[in-house]
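Observations on the three-dimensional arrangement
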Amino acid sequence: MVQDHAVAPGVHDALWAVLWNRRYDDVDEPVWVPDASFSGILAYARVLDAESMLAGIDTGEALLAMRTTGEPPPIGSRVRLVPAARDRWRIADVTPLGLGIELRFDDPAAAADTGWVATLRDGVRRLRTLLDARRERLAGRRAQLGALNEPPPLEEIWREEISAISDRVAMETEYTAQEHAALARARAKGARTADEEERKIVAARKKRFAERGNEEIARFREGAWPAIRDKAAAELRKYVDYRTEVVRLEDALQRIRTLSTRATNVTAALDRIEREGFRARGLQLDVARLDEAEYAEELLRTVELLHAAVPQRAQSGASSFSGYRAPTAGPSVIPPRL
């Protein structure tokens, strides 16, 4: 992959150190096929020229070396690589380490300064304190709001008022005593006379009901309805404002619960990261910004990625790093004695 013979030995030595730190025996080169895809931790990156770089990806099962395009993200970032041009790959997705941290898996030194882990632990502790205070404040406001039932919509109020008017008008426009007497006389004369008289009386009653109803509805629309409508609209606006704030509070409380759970988990993860002895550089943690949602998310995501970068393979059987470099790109091999 590395055409420059002056660069190749340094790349080989770096990859051998990455193998040691990631606990693999050898580097694998993936077979290029159009629909391939690989995801893992970026363990090594070396820019070769203006158009390509050499990347080492720890997939959890193997350490893959591949020629890629683009700028390298911070070492330790989670990446996904897909085919580009023939025998080339490109980084499709990146979840980068934050806070300026960059891991050094190509460093063969055994000793590592873990002071940066203590800085992260203090930051997580400070974040948990801020989250607890914010949760108590939001929960207090939610309790203060209480519960509010949704008021009926304007259409329903209008229908109820019109229904009440119709019932009242129906009672006021019932058949009169004269109409009842006329119906009784008509029925005494026979079915034909009764039917004709009943049609006249019913039509007169319907006309009376319709005219009176229209008058009452028009009077109601011009008189009492505007006040009822304005009051109902005010109640609806009050409920909408209440519901908007409640939803916002519930969402914020849910986010805080999620962040608090993650903060608790990363506290334990930092212990494992410290035991692993990662070599890191560039940490820039500003505790004054932890009350910013994006910065808090960056802190938690970074610690989670660091924990994901802990090698999944068992501890190497060798007790120390060997500087022996074979002339070929393979593991250190001790020839058998003949």
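Use the structure listed above.
Cut-off values and rules
- Residues numbered from 1 in each chain as written.
- Predicted model: local features only at pLDDT ≥ 70, side-chain atom pairs only at ≥ 80, totals over all residues.
- Heavy atoms only, no water.
- Helix = DSSP H or I, 4+ residues; strand = E, 2+ residues; numbered from the N terminus.
- Rg over C-alpha atoms; globule rule 2.2 N^0.38 Å.
- Buried < 20%, exposed > 50% of the residue type's maximum accessible area, 1.4 Å probe, protein only.
- Contact = heavy atoms within 4.5 Å.
- Areas by Shrake-Rupley, 256 points an atom, 1.4 Å probe, with all protein chains shown as cover.
- Axes fitted to C-alpha atoms, helices over the stretch in contact; angles between N-to-C directions.
- Parallel < 35°, antiparallel > 145°, perpendicular 65-115°, else oblique.
- Left-handed = near helix turned anticlockwise from the far one by under 90°.
- Core = buried A, V, L, I, M, F, W, Y, C linked by side-chain atoms within 4.5 Å.
- Polar contact = N/O pair within 3.5 Å; in protein donor to acceptor, adjacent residues only side chain to side chain.
- Phe/Tyr/Trp six-rings, centres within 6.5 Å; stacked < 30°, edge-to-face > 60°.
- Lys NZ or Arg CZ within 6 Å of the ring centre and 35° of its normal.
- Pairing = 2+ DSSP bridges.

1. Considerations on the overall build of the chain
Check the secondary structure of the chain and you find seven helices and eight strands. The globule rule puts the C-alpha radius of gyration for 338 residues at 20 Å, and the 40 Å found for the chain is more than 25% above it. Burial status across the chain gives 34% buried among its 338 residues. Considering only residue pairs separated by 6 or more positions, the chain has 73% of its internal contacts joining residues 24 or more positions apart. Per element, the accessible surface of the chain, about 20,300 Å² overall, is 51% carbon and sulfur.

2. Looking at the packing of helix H2 (residues 115–145) against helix H7 (residues 293–308)
Here H2 crosses H7 at 135 degrees, and the two axes come no closer than 11 Å. Overall, the two elements H2 and H7 adopt an arrangement that is oblique. When the axes of H2 and H7 are compared, the crossing they make is left-handed. Contact residues: Trp116, Leu120, Gly123, Val124 and Leu127 in H2; Ala296, Leu299, Leu300, Val303 and Leu306 in H7.

3. Observations concerning the nonpolar core
Residues Leu103, Leu120, Ile273 and Leu299 are the most contacted members of the largest nonpolar core, which totals 61 residues. Looking at this core, the element that brings in the most residues is helix H6 (residues 225–276), giving nine residues. For leucine 299, the contacting residues outside a window of four places in its chain are Leu99, Leu120, Gly123, Val124, Leu127, Leu285 and Leu290. Membership of the second largest hydrophobic core comes to eight residues, among which are Ile162, Ile217, Phe220 and Trp225.

4. Points about the side chain of arginine 67
Relative to the helices and strands, arginine 67 resides in strand S4 (residues 63–69). Exposure remark for arginine 67: the relative accessible area of 14% places this residue in the buried category. Among the polar contacts listed, one links the side chain of arginine 67 to the side chain of serine 52, at a separation of 3.3 Å.

5. Let's talk about the side chain of threonine 173
Mapped onto the secondary structure, threonine 173 falls in the loop between helix H3 (154–172) and helix H4 (177–189). The class of threonine 173 is buried, set by a relative accessible area of 2%. Once residues within four sequence positions are removed from consideration, threonine 173 is found in contact with Arg205, Arg208, Phe209 and Arg212.

6. Remarks on the packing of aromatic side chains
Counted by the stated rule, this structure contains six aromatic pairs. Aromatic side chains phenylalanine 105 and phenylalanine 278 sit 5.7 Å apart centroid to centroid with 80 degrees between the ring planes, which places their arrangement in the edge-to-face category. A residue pair is termed long-range when its members are at least 10 positions apart, and phenylalanine 105 in the loop between strand S7 (102–103) and H2 and phenylalanine 278 in the loop between H6 and strand S8 (280–281) qualify at 173 residues. No difference in accessibility class separates phenylalanine 105 from phenylalanine 278, as the two residues are buried. Ring centres of tryptophan 158 and tryptophan 225 lie 5.0 Å apart, and the angle between their planes is 75 degrees; this geometry places the pair in the edge-to-face category. Of the two residues, tryptophan 158 sits in helix H3 while tryptophan 225 sits in helix H6, which places them 67 residues apart along the sequence. By relative accessible area, which is 25% here, tryptophan 158 ends up partly exposed. An aromatic cluster of three or more residues is present, and its members are Trp158, Phe220 and Trp225. The lysine or arginine in question, arginine 22, covers the ring of phenylalanine 105, its NZ or CZ lying 4.6 Å from the ring centre.

7. Considerations on the pairing of strand S6 (residues 89–95)
The pairing of S4 with S6 spans two bridges and is parallel. Bridge pairing in S6 links threonine 69 to arginine 90. The pairing of strand S5 (residues 78–83) with S6 spans six bridges and is antiparallel. Within the sheet, the bridge partner assigned to valine 82 lies in S6 and is arginine 90.

8. Structural notes on the environment of serine 37
Inspection of the secondary structure assignment puts serine 37 in the loop between strand S1 (27–28) and strand S2 (38–47). Note: C-alpha distance between serine 37 and leucine 81 (44 residues apart in sequence) is 5.7 Å. With near-sequence residues (within four places) excluded, serine 37 lies in contact with Arg80, Leu81 and Val82. Within the structure, serine 37 has its side chain in polar contact with the side chain of arginine 80 (distance 3.5 Å).

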